[in-house]
Amino acid sequence: ATAGPRSFSAAEVRARCAQGACLVSCRRRLYDLSGFVRLHPGGEQLLRRRAGTDVSAALDGPPHRHSENARRWLEQYYVGEIEQVPPRDRTGTGLVWERVCSPKPAAAAQLCAWCWDSLWVPQHHNHCLLPQDLVDWQKPLLWQVGYLGEKYDEWVHQPVDRPIRLFHSDFFEFLSKTAWYVVFMVWTPVVLYLSWVSYTSLAQGNTRLFSSFTTEYSIPVHKYYFPFIFLLGMILWSLLEYLIHRFVFHMKPPASNYYLITLHFLLHGQHHKSPFDSSRLVFPPVPASLVIGFFYGVLRLLLPEVLGLSVFVGGLCGYVIYDMMHYYLHYGSPRKGTYLYGLKAYHVKHHFEHQKSGFGISTRFWDYPFRTLIPEETSKKED
């Protein structure tokens with residue numbers, strides 16, 4: 001028989017919080033968020049301040065009503081139950097969870113179980129039993145997800161906090177993972193070198209725009225134009241970032257097509273399934289070099305050689321900034337009120353609740369004209 005959940009006294013919880021743990025409760029269920037505090041989109045200090053308290057009201061908002069995915073996410077850190085203190089024993093400790101609630105039966109069921117295909121299954125373990133276990137987490141996932149069929153889209157958008165293995169081969173698995181600083185170390189020297197090549201080539205005064213069509217009306221491109229061309233490349237990258245994220249990474253593969261589901265999971269689905277897997281937050285240099293080479297070839301065909309190179313290096317710089325920002329939005333703790341703080345909250349909403357909007361990562365700019373901006377919450381606290 002499976003052992004029931006462990007019981008924790010209020011004194012034990014207070015002692016653990018005093019030692020630096022971040023324990024919170026939702027009604028009588030106790031969660032250890034010590035490993036999640038730095039990742040919380042509201043900031044580490046927000047969770048630290050709520051250590052040792054009941055977060056039921058905070059989950060419902062305002063200012064933010066947490067999504068069903070966020071509530072599922074919380075269940076991964078479940079460690080046990082708070083001991084119910086009889087009224088005569090209450091001593092005014094200040095712990096909110098000692099005021100035990102009596103939720104409605106349906107609400108109580110949701111605290112202790114998941115509903116999957118109309119079946120309630122009890123939850124007494126750190127990792128959710130259901131829909132995550134549609135696959136075998138002890139084996140590489142890449143070759144399993146294609147068999148999920150019509151359940152794939154719902155499954156992949158229910159995030160979990162655990163690492164993913166894609167391949168059987170250790171070599172290919174190694175190539176599929178990248179530490180954030182590798183992107184900076186590999187591509188920053190390339191950006192600097194190509195910037196110098198572009199500037200010195202423009203300084204020779206031989207580059208003219210439209211020279212392939214007419215020599216009389218061609219426009220000379222001076223070296224002083226390089227910063228503006230570089231900036232144009234960065235802007236074009238931000239648009240490309242949006243388009244790829246929306247139309248490639250968020251394509252909905254046909255439920256009957258094993259190969260397209262597998263491709264989607266390889267490109268982006270894995271990231272939505274495990275959004276805090278630190279080794280899979282940036283693009284590995286080997287496949288990235290193939291994509292980057294393709295776009296360089298396109299620019300060489302469309303623009304004069306030096307002009308195309310100048311636009312390309314600006315775009316490459318934009319890509320490096322994007323990858324660094326993407327990692328920071330998942331693992332950084334920006335100060336409240338800053339631009340990055342808002343961007344982190346925006347991106348986390350995309351992962352947990354608004355997967356069909358909020359496609360801008362390094363900027364929300366393109367979500368405005370394409371009408372995919374995540375709406376602001378306007379909920380007000382009930383009396």
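Bear in mind that the values here come from a model prediction, so they are computed numbers and not experimental data.

*Asks:* Which residues make up the overall build of the protein, and what values go with them?
*Replies:* A tally of helices and strands in the protein yields 13 helices and eight strands. A burial count over the protein gives 46% of its 383 residues as buried. In the protein, once contacts between residues fewer than 6 apart in sequence are set aside, the share between residues at least 24 apart is 68%. Only carbon and sulfur atoms are counted for the fraction: they give 61% of the accessible area of the protein, which is about 21,000 Å².

*Asks:* Outline the nonpolar core, listing residues and values.
*Replies:* Ranked by internal contacts, the top residues of the largest apolar core, which has 33 residues, are W187, I292, F312, L316 and Y319. Apart from residues no more than four positions distant in its own chain, F312 is found in contact with L194, I292, Y296 and L299. Counting residues in each nonpolar core, the second largest holds 20 residues, with C26, F36, V37 and L59 among its members.

*Asks:* Which residues make up a nonpolar patch on the surface, and what values do they have?
*Replies:* There is a patch of nonpolar side chains on the surface, built from F247, V248, L263, L266 and L267 and spanning about 400 Å² of accessible area. Breaking the nonpolar patch down by element, the ones donating at least two residues are α9 (226-249) and α10 (258-273). Within the secondary structure layout, L266 lies in helix α10. Overall, L266 belongs to the partly exposed group, its relative accessible area being 33%.

*Asks:* Lay out the UniProt feature "binding site: Zn(2+) 2" (unreviewed entry) in the protein in plain terms, naming residues and giving numbers.
*Replies:* The UniProt record marks H271, H326 and H330 with the feature "binding site: Zn(2+) 2" (unreviewed entry), using the residue numbering of this structure. Judged by maximum C-alpha separation, these annotated positions cover 60 residues in sequence but sit close together in space, the widest gap being only 11.5 Å. Position of H271 among the secondary structure elements: in helix α10. With a relative accessible area of 5%, H271 lands in the buried category. Discounting chain neighbours no more than four positions away, the residues touching H271 are R280, L281, H326, H330, H347 and H351. By the secondary structure assignment, H330 is in helix α12 (residues 305-331). Separated by 3.2 Å, the side chains of H330 and H326 make a polar contact.

*Asks:* An account of the pairing of strand β3 (residues 29-32) is needed here, citing residue identities and associated values.
*Replies:* Bridge count between strand β2 (residues 23-26) and β3: four bridges; the pairing is antiparallel. Bridging from a neighbouring strand, C26 pairs with R29 of β3. Between β2 and β3, which pair antiparallel and follow one another directly, the connecting turn spans two residues, one of which, R27, has a positive phi of 60 degrees. Where β3 lies against strand β4 (residues 78-82), three bridges are found, and the strand directions are antiparallel. Each bridged residue has a counterpart across the sheet, and for R29 the counterpart in β4 is E81.

*Asks:* Describe helix α13 (residues 339-352), naming the residues involved and giving the relevant values.
*Replies:* Side chains of residues three or four places apart in an α-helix project in the same direction, reflecting 3.6 residues per turn. For α13, built from 14 residues, the straight-helix expectation of 20 Å at 1.5 Å per residue is met to within 8% by its first-to-last C-alpha distance of 20 Å. Here α13 has its buried residues at Y341, L343, K344, Y346, H347, V348, H350, H351 and F352. Tucked into the core, α13 has its buried residues touching α4 (68-75), α9, α10 and α12.

*Asks:* Explain α9 to me, using residue names and the numbers behind them.
*Replies:* In this model α9 runs 32 Å from its N-terminal to its C-terminal C-alpha over 24 residues, within 8% of the 34 Å that 1.5 Å per residue would give. Buried residues belonging to α9 abut α8 (180-203), α10, α12 and α13.

*Asks:* Please give an account of the side chain of S198 that cites residues and values.
*Replies:* Residue position: S198 is located in helix α8. For S198, the side chain forms a polar contact with the main-chain oxygen of L194, separated by 2.8 Å.

*Asks:* Before we move on, could you go through the pattern of salt bridges and cite the residues and values that matter?
*Replies:* Counting across every chain of the model gives twelve salt bridges. The residue E75 makes a salt bridge to R29 at a minimum N-O spacing of 2.5 Å. With E75 in helix α4 and R29 in strand β3, the pair connects residues that are 46 residues apart, well separated along the chain. By relative accessible area, R29 is classed as buried at 2%. Among the ionic pairs, R280 bridges to E173, the shortest N-O distance being 2.5 Å. Here E173 lies in helix α7 (residues 170-175) and R280 lies in the loop between α10 and α11 (285-302), a separation of 107 residues in the sequence. You'll find R280 and E173 in the same group, each marked buried. Through salt bridges with shared partners, a single ionic network connects E173, K177, D277 and R280.

Cut-offs used in this document
- Residues numbered from 1 in each chain as written.
- Predicted model: local features only at pLDDT ≥ 70, side-chain atom pairs only at ≥ 80, totals over all residues.
- Heavy atoms only, no water.
- Helix = DSSP H or I, 4+ residues; strand = E, 2+ residues; numbered from the N terminus.
- Buried < 20%, exposed > 50% of the residue type's maximum accessible area, 1.4 Å probe, protein only.
- Contact = heavy atoms within 4.5 Å.
- Areas by Shrake-Rupley, 256 points an atom, 1.4 Å probe, with all protein chains shown as cover.
- Core = buried A, V, L, I, M, F, W, Y, C linked by side-chain atoms within 4.5 Å.
- Patch = residues over 30% accessible without salt bridge, like charges linked within 9 Å, V, L, I, M, F, W, Y side chains within 5 Å.
- Salt bridge = Lys/Arg side-chain N within 4 Å of Asp/Glu carboxyl O.
- UniProt positions renumbered as here; feature names shortened; annotations may be inferred.
- Polar contact = N/O pair within 3.5 Å; in protein donor to acceptor, adjacent residues only side chain to side chain.
- Pairing = 2+ DSSP bridges.
- Expected span 1.5 Å × (residues − 1).

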